[in-house]
Amino acid sequence: MTASDPERRAERDGLPRPGRVPGLLVVVFGIAVVVASAALGDTVWHGVVERGNALAFGLLVAVGELARWGGAEDREAAPLGAAGALAYALLGEVAGRPTHHGGLQVVAIVVAGTLVGCIPHVARGKGASLDHVTRRVLTVGFAAVCFQPLYNEGVLAGWFGDGAYYALLLVGLLVLTALCDAVLAAAMAHARTRWPFGPLLRDELRAMLGIGSAVCATGAVMALAVAVAGLWALPLISLPLLLTQLAFRRYAVVKATYRQTITSLARATEIAGYTPHGHARRVAALSRAVGRDLGLSQPDLSVLEYAALMHDIGQLSLVDPVAEGATAALPPAQQRRIALLGGAVVRQTGVDTQVAVVVERQADPYREQPLTARIVRTANAYDEMAREQGPQGPLRALESLRLATGREYQPEVVEALARVVCKPGLSLGSVG
């Protein structure tokens with residue numbers, strides 16, 4: 001049986017497999033359904049206002065979804081669709097003529113465009129995640145509610161006119177919308193995974209500086225350009241973001257190839273018979289999960305995962321393999337020799353030098369190690385102990401690690417590991 005994409009992501013991050021939806025997510029999904037249903041119902045009942053504008057922006061959102069470059073786990077897999085949706089939410093004029101569509105029509109057109117654009121992806125089993133659609137509905141609805149009523153009543157024209165202050169208003173609304181989206185995304189991720197909210201929000205805010213800022217800037221420029229030049233400005237303004245989207249797609253392919261290369265190198269010790277099957281993958285999944293529990297940033301998590309995958313590669317230098325690859329039981333001097341040789345091998349592969357440093361220092365006294373090396377050391381020892389001691393191995397392994405805290409392992413890391421392996425739905429003996 002082949003695991004689904006959500007199951008594979010759960011396995012990679014050391015999470016329970018998808019099951020019961022947390023209460024917060026049920027509430028958020030419910031609000032999004034109510035908003036979308038109200039918007040679609042109102043639009044169908046009263047008809048579409050300014051159908052040409054609605055059709056143009058609906059098509060833009062659909063094209064953005066069709067050109068999706070990533071998967072459901074990416075923060076913004078359809079930036080062109082997001083920019084078009086935000087531009088429609090903040091659209092006040094078209095070629096100098098005021099518009100009269102309201103916030104509910106904005107949400108309805110964005111929902112319709114998103115669903116149409118998702119049809120080919122759904123047919124291939126790669127449709128947008130429920131989180132993605134929910135966030136799109138709520139953030140676009142927020143922007144539309146903040147802008148459309150005040151614009152249609154003439155309040156914004158009286159306060160800001162139609163010059164530079166008006167442009168700054170659009171940028172400010174988009175920044176506020178992006179901040180709300182980041183908070184919402186972090187809250188939903190926290191509810192689903194139970195990882196600390198602060199680090200999740202920090203990663204979302206960091207992502208805003210990249211593709212998020214491009215989406216906001218493009219949305220503002222679209223709204224202003226259409227107000228002056230009409231709908232013909234849409235394809236011209238969309239082209240730069242579309243090219244950026246294609247560049248991101250290539251980057252994603254390179255990144256995936258990079259990870260596959262590291263995974264293949266990590267399997268060398270298994271193929272040669274130095275370590276048990278799946279050991280590196282389990283240690284990597286545990287390490288990443290512990291790192292998330294301790295609040296590491298996304299770049300640090302990537303370094304941690306790669307180092308955990310390659311932590312045993314130094315064993316290839318041994319003439320006689322260690323029984324079951326259990327390096328945690330070796331004398332400290334031999335552990336350091338294997339770690340240093342492993343770091344030297346990693347440096348020769350061209351992998352990030354930070355990964356090599358973690359591999360080299362995993363056998364140092366834990367008080368002298370960086371946090372990432374402490375995590376790899378603890379996860380490796382846990383997997384070895386749990387494997388050796390039979391059905392009760394996981395509990396005994398945790399007990400052994402706790403008895404060695406303060407001497408061999410950092411107490412905070414051991415407790416984070418205990419929280420990870422004791423999550424409901426996650427087997428204590430294995431993550432993969």
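Numbering of residues begins from 1 in every chain and follows the order in which that chain's sequence is written. pLDDT decides what is reported in this predicted model: residues at 70 or higher carry local features, side-chain atom pairs at 80 or more are listed and counted, and totals for whole chains, interfaces and linings draw on all residues regardless. Note that the side-chain values use all heavy atoms of the structure and ignore hydrogens as well as water.

1. Some words on the pattern of salt bridges
Next up, step 1: Each salt bridge in this description consists of a side-chain nitrogen of Lys or Arg and a carboxyl oxygen of Asp or Glu lying within 4 Å of one another. A complete count under the given rule lists twelve salt bridges for this structure.
Next up, step 2: Across the salt bridge formed by Asp293 and Arg419, the nearest N and O atoms sit 2.5 Å from each other. With Asp293 in helix H12 (residues 279–293) and Arg419 in helix H18 (residues 411–421), the pair connects residues that are 126 residues apart, well separated along the chain.
Next up, step 3: Through salt bridges with shared partners, one network takes in Arg259, Arg288 and Glu305. Going along the chain from the N terminus, every DSSP run of H or I of four or more residues is numbered as a helix, and every run of E of two or more is numbered as a strand.

2. Looking at the packing of helix H8 (residues 164–193) against helix H9 (residues 197–229)
Next up, step 1: Structural elements are reduced to axes, namely lines fitted to C-alpha atoms, with helices fitted over the stretch in contact, and the angle between N-to-C directions of any two is expressed from 0 to 180 degrees. The geometry of H8 relative to H9 is characterised by a closest axis approach of 8 Å and an angle of 145° between their N-to-C directions. Considering how the two elements wind past one another, H8 and H9 form a crossing that is right-handed.
Next up, step 2: Amino acids are sorted into nonpolar (Ala, Val, Leu, Ile, Met, Phe, Trp, Tyr, Cys and Pro), charged (Asp, Glu, Lys and Arg) and polar (every other residue, Gly among them). For the contact of H8 with H9, the per-class residue count stands at 22 nonpolar, three polar and one charged. For a crossing to be left-handed, the near helix must be turned anticlockwise from the far one by less than a right angle; the clockwise case is right-handed.

3. Considering the nonpolar core
Next up, step 1: Among the nonpolar cores identified, the biggest contains 91 residues, and Phe147, Val346, Tyr382, Leu401 and Leu417 are the most heavily contacted of them.
Next up, step 2: The dominant element in this core, judged by the number of residues it contributes, is H9, at eleven residues.
Next up, step 3: We call two residues contacting when some pair of their heavy atoms lies within 4.5 Å. Leaving out residues up to four positions away in the same chain, Leu401 has contacts with Thr378, Ala381, Tyr382, Met385, Tyr409, Val414 and Leu417.
Next up, step 4: Residues Leu25, Ala36, Val111 and Leu184 belong to the second largest nonpolar core, which totals 14 residues. Buried residues of nine kinds, namely Ala, Val, Leu, Ile, Met, Phe, Trp, Tyr and Cys, make up a nonpolar core once their side-chain atoms join them within 4.5 Å. Residue exposure (1.4 Å probe, protein chains only): buried if accessible area is under 20% of the type maximum, exposed if over 50%, otherwise partly exposed.

4. Focus: the environment of Val171
Next up, step 1: Position of Val171 relative to the elements: it lies in helix H8.
Next up, step 2: The class for Val171 is partly exposed, based on a relative accessible area of 41%.
Next up, step 3: Val171 sits 46 residues away from Ala217 along the chain, and the two C-alpha atoms are 7.4 Å apart.

5. Remarks on the packing of aromatic side chains
Next up, step 1: Aromatic pairs are defined between Phe, Tyr and Trp rings, using the six-membered ring for Trp, whenever the two ring centres lie within 6.5 Å; interplanar angles under 30 degrees are classed as stacked, those over 60 as edge-to-face, and all others as tilted. The tally for this structure, following the rule as stated, stands at four aromatic pairs.
Next up, step 2: A connected cluster of aromatic rings, assembled from ring pairs, spans Phe147, Tyr151 and Tyr166.

6. Here's the deal with the environment of Gly219
Next up, step 1: For Gly219, the position within the fold is in helix H9.
Next up, step 2: Along the backbone, Gly219 and Val171 are 48 residues apart, and their C-alpha atoms lie at a distance of 8.8 Å.
Next up, step 3: With sequence-adjacent residues up to four places away left out, Gly219 is seen in contact with Ala83, Ala87 and Leu174.

7. Thoughts on the packing of helix H2 (residues 23–46) against helix H5 (residues 103–123)
Next up, step 1: Here H2 crosses H5 at 105°, and the two axes come no closer than 8 Å. The angle between H2 and H5 places the two elements in the roughly perpendicular class. Contacts from Val35, Ala36, Ala38, Ala39, Leu40, Asp42 and Thr43 of H2 reach H5 at Leu104, Gln105, Val107, Ala108 and Val111.
Next up, step 2: Along the lines of polarity and charge, the residues of the contact of H2 with H5 split into nine nonpolar, two polar and one charged. Every angle not falling under 35 degrees, over 145, or within 65 to 115 is termed oblique; those three ranges are roughly parallel, roughly antiparallel and roughly perpendicular.

8. A look at a nonpolar patch on the surface
Next up, step 1: Residues enter patches when they are more than 30% accessible in relative terms and free of salt bridges; like-charged ones are connected within 9 Å and nonpolar ones (Val, Leu, Ile, Met, Phe, Trp, Tyr) within 5 Å. Residue burial considers only the protein chains on display, and all accessible areas are found by Shrake-Rupley using a 1.4 Å probe. A grouping of Leu150, Trp159, Phe160, Tyr165 and Leu168 is seen on the molecular surface, where their side chains present a nonpolar patch of about 590 Å² in accessible area.
Next up, step 2: Those elements giving two or more residues to the nonpolar patch turn out to be helix H7 (155–160) and H8.
Next up, step 3: For Tyr165, the location among the structural elements is in helix H8.

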